[in-house]
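A closer look at the structure
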Amino acid sequence: GGPHTCAPAGYSANHAAVSQLGYCSVVVNYRGSSGFGQDSIVSLLGKVGVNDVQDVQTAAIKAMSELNIDPAKVFIHGGSHGGFLCAHGIGQFPTFYRAACIRNPVINLAAMHSVTDICDWTLVEAGLPDDPGMESTVESMKTMLECSPIVHINKVKAATLMLIGEMDHRVPPSQGHRYIRLLKNRNVKCRYWCMHGFFLVQHVGMRWRSAVICLFRQVRVTKSHTLWTL
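Residues numbered from 1 in each chain as written. Predicted model: local features only at pLDDT ≥ 70, side-chain atom pairs only at ≥ 80, totals over all residues. Heavy atoms only, no water.

**Looking at the environment of alanine 7**
Its place among the elements puts alanine 7 in the segment before helix 1 (13-20). Here the alpha-carbon distance between alanine 7 and serine 34, two residues 27 residues apart in the chain, equals 9.1 Å. If near-sequence neighbours (up to four positions away) are discounted, alanine 7 is found in contact with Val27 and Asn29. (Helix = DSSP H or I, 4+ residues; strand = E, 2+ residues; numbered from the N terminus. Contact = heavy atoms within 4.5 Å.)

So, in C-alpha cells, the structure goes:
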C-alpha cells in the first residue's frame, strides 16, 4: 500500500503462515517508502510505475538467484498501491509472474482522479502540482495515464485473482472492475471476488486465504521453491 508507508521487520502472522506452507516471501520497501528520510519519499513523485516497480523486480530477481527459486513458480500479491505494483509487474514483466492476487488496485490514475476521495494523490504521485483549483488538462491526464498499469494491459499473461471491496472510496472498485473486464476481453485467465466493505482489516484472513488458493491452483505446488512477492 502507500506508497509512502513501510513494511516493518517485525513478526507477521500472515507471512509466518505463508512460510509454514513452504513459500519464500519477499516484502519490499521500495524507494518512496517511509523510514528512509524525506529525500527518499519525494524521489518517487513523478516516478511511480518506474522506481517502485524496478525495486520490487530487482528484489524478486535477487531472491530467486540466492534461494534457488523455480522461475515457473513466482507469484505476486498486493493491495491499493501494492495492487498498482502487482498490475505493473504482470504488465511490464509478463513472463516473470505465474499468477497474481490483486486487491483494490490503482489501475488508471487519470480515470481515478475524478472519483477518488484523494484526488490530490493522483496529481502528486504523477509529479504534477497539488493545486485543488486546477482543472484537468489533456497534458495532466496524459501524464497520469502514462504512469498507470493500464498502459501495459496488452502484455499481461499471468492468471489474475481480483479482490474488490465495494465501499472503498479511496481506490474506487471501478478500477479493479475495468481491469478484469479488459483481461477477459484479451482471454487472460482471471477471476474476481467482490465484498461489501473495504477488504482491509475485517477481511484480512479471507484475502490471504484467497491469495494462497489462487497460488495453489495456478502453480500447483505446496512446498518450497516458490517465491511470493508483496
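The discussion continues.
**Some thoughts on the packing of aromatic side chains**
Throughout the structure, instances matching the rule amount to one aromatic pair. Arranged with centres 4.7 Å apart and planes meeting at 75°, the rings of phenylalanine 96 and tyrosine 97 form a pair that is edge-to-face. When sorted by exposure, phenylalanine 96 lands in the same class as tyrosine 97, which is buried. (Phe/Tyr/Trp six-rings, centres within 6.5 Å; stacked < 30°, edge-to-face > 60°. Buried < 20%, exposed > 50% of the residue type's maximum accessible area, 1.4 Å probe, protein only.)

**Things to note about unusual backbone geometry**
Positive phi, close to 55°, is recorded for asparagine 68, a residue that is not glycine. Structurally, asparagine 68 is set in the loop between helix 3 (51-67) and strand 2 (74-79). Asparagine 68 sits in the exposed class, given a relative accessible area of 57%. Located in the positive-phi region is asparagine 187, a residue other than glycine, with phi close to 65°. On the basis of relative accessible area, asparagine 187 is assigned to the exposed category, the value being 74%.

**With respect to the environment of threonine 58**
Its place among the elements puts threonine 58 in helix 3. Among the residues examined, threonine 58 registers a relative accessible area of 51% and is labelled exposed. Spatially, the C-alpha atoms of threonine 58 and tyrosine 30 are 10.0 Å apart, while their sequence positions differ by 28 residues.

**Looking at the pattern of salt bridges**
Here the idea is simple: oppositely charged side chains can pair when their charged atoms come close. Within this structure, the stated rule accounts for five salt bridges. With a closest N to O distance of 3.7 Å, lysine 73 and aspartate 70 form a salt bridge. Given the relative accessible area of 23%, lysine 73 is considered partly exposed. In this structure, the salt-bridge partner of lysine 142 is glutamate 146, at a minimum N-O distance of 2.4 Å. Here the residue lysine 142 and the residue glutamate 146 both occupy positions in helix 7 (residues 138-146), the gap between them amounting to four residues, near one helical turn. (Salt bridge = Lys/Arg side-chain N within 4 Å of Asp/Glu carboxyl O.)

**Digging into the confidence of the model for the chain**
Overall, the predicted model of the chain reaches an average pLDDT of 85, with 84% of residues at or above 70. Within the chain, helix 4 (residues 81-92) carries the highest mean pLDDT (96), whereas strand 6 (residues 227-229) carries the lowest (51). A low-confidence stretch, residues 221-226 (pLDDT under 50), is modelled with 21 contacts involving residues beyond four sequence positions or located in other chains. (pLDDT = per-residue confidence, 0-100.)

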